Amino acid sequence: MEYLDFELPIKELEEQYEKACNIGSESEVDVTATCKQIEKKLKEKKKEIYGNLTAWQRVQLSRHPNRPYTLDYINAICGNTFLELHGDRNVKDDKAMIGGLGKIDDQSYMFIGQQKGYNTKTRQYRNFGMANPEGYRKALRLMKSAEKFGIPVVTFIDTPGAYPGMEAEERGQGEAIARNIFEMTRLKVPIFVVIIGEGASGGALGIGVGDKVLMLENTWYSVISPESCSSILWRSWEFKEQAADALKLTATDMKKQKLIDEIVKEPLGGAHRHREETFETVKNAIASSYEEFRNLSPTELVEKRMDKYLNMGVFKG
């Protein structure tokens, strides 16, 4: 397990606990009382640290190298029912954007999401979770297929942004994202969006329009990353913590502004500490969201979705 800077006091206590338990198992010494005392301290320290996280600390947790990615969620939720579908039928298959059919219980869904890598090789293969235009066009192709067969869509957002390379711009990155937003607003099947990590800029919005937008507790969703915001406003990355606070990018902030619909609770310490528990929570959240929208007609679905987005940013004096 890797630890972030603010988690180091937890690391120390966990190491002490492990050493005490090892002494007890390797010798005749009774260390039960010591182990219980350290365990109690550890629980208190975890509650203290994770109960008072700053916006920047949540950004750090959303990028934790042990945090589960899109395919982890899909494989855990769907088991062996997931069938990945490839290609945009135009340029190529974008490895940063994955999608396919899978089942939760007896209900089929079209799953789409950005996929990051676990090590240097897979990160390059997945382009660090930054999709090209063909990734967004693949996502749209899959959504249109789902619409044709009346299958609800689930998207998982976890990207530092759409790929900003010259070749991506040449192939119409902006158009591909804008087209997806336009088409998603009028898709005639339920769409459920789950932000599982980083939700940055248009890269997130390209698969982010939904009837219900769910956000895991330690994730962020914003027009720009704290580092980029800091470099624009202060000409330095040093002010990323102030930028994170000012951007109001946490799940709590998003819910308060009515830009998302629901916060999905994570286990204490983040999704990566108790992965199975997180997968089960997300699975239940998707299933209950579907129950909420399954009986609406296509016309009602689209009207409700359009009204929801038209009401965003409306303030009455």
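As a reminder, the structure under discussion sits directly above these lines.
All values reported here derive from a predicted model rather than from experimental measurement.

Caption draft 1: Structural context of the pairing of strand β3 (residues 107-114). With respect to burial, β3 is a largely interior element, 6 of its 8 residues being buried. Inspection of the sheet shows strand β2 (residues 97-104) paired to β3 by 8 bridges, in the antiparallel sense. Its bridge partner lying in β3, Ile98 is registered against Gly113. In this antiparallel pair of consecutive strands, β2 and β3, the connection spans 2 residues, and Asp105 shows a positive phi of 60 degrees. With 4 bridges joining them, β3 and strand β4 (residues 153-159) adopt parallel strand pairing. Considered in β4, the bridge of Phe111 is made with Val154.

Caption draft 2: Local environment of unusual backbone geometry. At Asp105, a position not held by glycine, the phi torsion is positive, near 60 degrees. On the secondary structure map, Asp105 appears in the loop between β2 and β3. Under the relative-accessibility criterion, Asp105 is labelled exposed at 60%. For Ser201, which is not glycine, the phi dihedral falls at a positive 60 degrees.

Caption draft 3: Summary view of the nonpolar core. By size, the foremost hydrophobic cluster in this structure holds 31 residues, and its most contacted members are Ile112, Met143, Val153 and Tyr221. Of all the secondary-structure elements, those providing two or more residues to this core are β3, α6 (133-148), β4, α8 (173-185), β5 (191-200), β6 (212-216) and α12 (251-256). Ranked by the residues each element gives to this core, the list is headed by α6, at 5 residues. Leaving out residues up to four positions away in the same chain, Met143 has contacts with Ile112, Val153, Asn180, Met184, Leu187 and Ile207. Residues Tyr73, Phe279, Ile286 and Phe293 belong to the second largest nonpolar core, which totals 26 residues.

Caption draft 4: The arrangement of the layout of surface pockets in detail. Put simply, the largest pocket is a space of about 270 Å³. Along the wall of the largest pocket there are 13 residues; nearest its centre are Leu205, Tyr221, Ser222, Met254 and Leu259. Where the lining of the largest pocket is concerned, the elements lending two or more residues are α9 (201-205) and β7 (220-222). Per-element accounting of the lining of the largest pocket gives the leading share, 3 residues, to α9. Its residues placed into classes, the lining of the largest pocket shows 9 nonpolar, 4 polar and no charged.

Caption draft 5: Spatial organisation of α6. Here α6 spans 23 Å end to end across 16 residues, near enough to the 22 Å set by a 1.5 Å rise per residue. For α6, the complete set of buried residues consists of Pro133, Glu134, Gly135, Tyr136, Lys138, Ala139, Leu140, Leu142, Met143 and Ala146. Where α6 is buried, its residues contact β2, β3, β4, α7 (166-170), α8 and α9. Positive phi appears at Gly150, one or two residues downstream of α6, with a value of about 65 degrees.

Caption draft 6: Representation of the pattern of salt bridges within the structure. Taken as a whole and assessed by the stated rule, the structure comprises 24 salt bridges. Among the ionic pairs, Arg171 bridges to Glu134, the shortest N-O distance being 2.8 Å. Taken together, the residues span a long stretch of sequence, with Arg171 in the loop between α7 and α8 and Glu134 in helix α6 at a distance of 37 residues. On the basis of relative accessibility, which here comes to 27%, the residue Arg171 falls in the partly exposed class.

Caption draft 7: Local environment of a nonpolar patch on the surface. Together, Ile232, Leu233 and Trp234 make up a nonpolar patch on the protein surface, roughly 320 Å² of accessible area in all. For Ile232, the location among the structural elements is in helix α10 (residues 226-234).

Caption draft 8: Representation of the environment of Ile181 within the structure. The topology assignment puts Ile181 in helix α8. Taking relative accessible area as the criterion, Ile181 reaches 28% and is therefore assigned partly exposed. The contact partners of Ile181, leaving out residues within four places of it in the chain, are Leu205 and Val209.

Caption draft 9: View of the packing of helix α4 (residues 70-78) against helix α13 (residues 275-293). Between α4 and α13, the shortest axis-to-axis distance is 10 Å and the interhelical angle comes to 75 degrees. Here α4 lies roughly perpendicular to α13, going by the angle between them. In this structure, α4 contributes Asp72, Tyr73, Ala76 and Ile77 to the contact, and α13 contributes Arg275, Thr278, Phe279, Val282, Lys283 and Ile286. Class assignment of the residues belonging to the contact of α4 with α13 gives a composition of 6 nonpolar, 1 polar and 3 charged.

Caption draft 10: Quick look at α4. The element α4 is largely enclosed, with a buried count of 7 among its 9 residues. At the C-terminal side of α4, Gly79 shows a positive phi close to 65 degrees.

Caption draft 11: Spotlight on the packing of aromatic side chains. The tally for this structure, following the rule as stated, stands at 8 aromatic pairs. Ring geometry for Phe192 and Phe293: centres 6.0 Å apart, planes at 55 degrees, overall tilted. With a gap of 101 residues between them, Phe192 in strand β5 and Phe293 in helix α13 connect regions that are remote in the sequence. Ring centres of Trp234 and Phe239 lie 5.2 Å apart, and the angle between their planes is 25 degrees; on these two criteria the pair is classed as stacked. The partly exposed category is assigned to Trp234, whose relative accessible area is 36%. An aromatic cluster of three or more residues is present, and its members are Tyr73, Tyr109, Phe111, Phe156, Phe279 and Tyr290.

Rules used in this analysis
Residues numbered from 1 in each chain as written. Predicted model: local features only at pLDDT ≥ 70, side-chain atom pairs only at ≥ 80, totals over all residues. Heavy atoms only, no water. Buried < 20%, exposed > 50% of the residue type's maximum accessible area, 1.4 Å probe, protein only. Helix = DSSP H or I, 4+ residues; strand = E, 2+ residues; numbered from the N terminus. Pairing = 2+ DSSP bridges. Core = buried A, V, L, I, M, F, W, Y, C linked by side-chain atoms within 4.5 Å. Contact = heavy atoms within 4.5 Å. 1 Å grid on protein atoms, 1.4 Å probe; cavity = no way out; pocket = protein on both sides within 12 Å on 5 of 7 lines; lining within 4 Å. Points joined across faces, edges and corners; volume = space filled by probe spheres on them. Nonpolar A, V, L, I, M, F, W, Y, C, P; charged D, E, K, R; others polar. Expected span 1.5 Å × (residues − 1). Salt bridge = Lys/Arg side-chain N within 4 Å of Asp/Glu carboxyl O. Patch = residues over 30% accessible without salt bridge, like charges linked within 9 Å, V, L, I, M, F, W, Y side chains within 5 Å. Areas by Shrake-Rupley, 256 points an atom, 1.4 Å probe, with all protein chains shown as cover. Axes fitted to C-alpha atoms, helices over the stretch in contact; angles between N-to-C directions. Parallel < 35°, antiparallel > 145°, perpendicular 65-115°, else oblique. Phe/Tyr/Trp six-rings, centres within 6.5 Å; stacked < 30°, edge-to-face > 60°.

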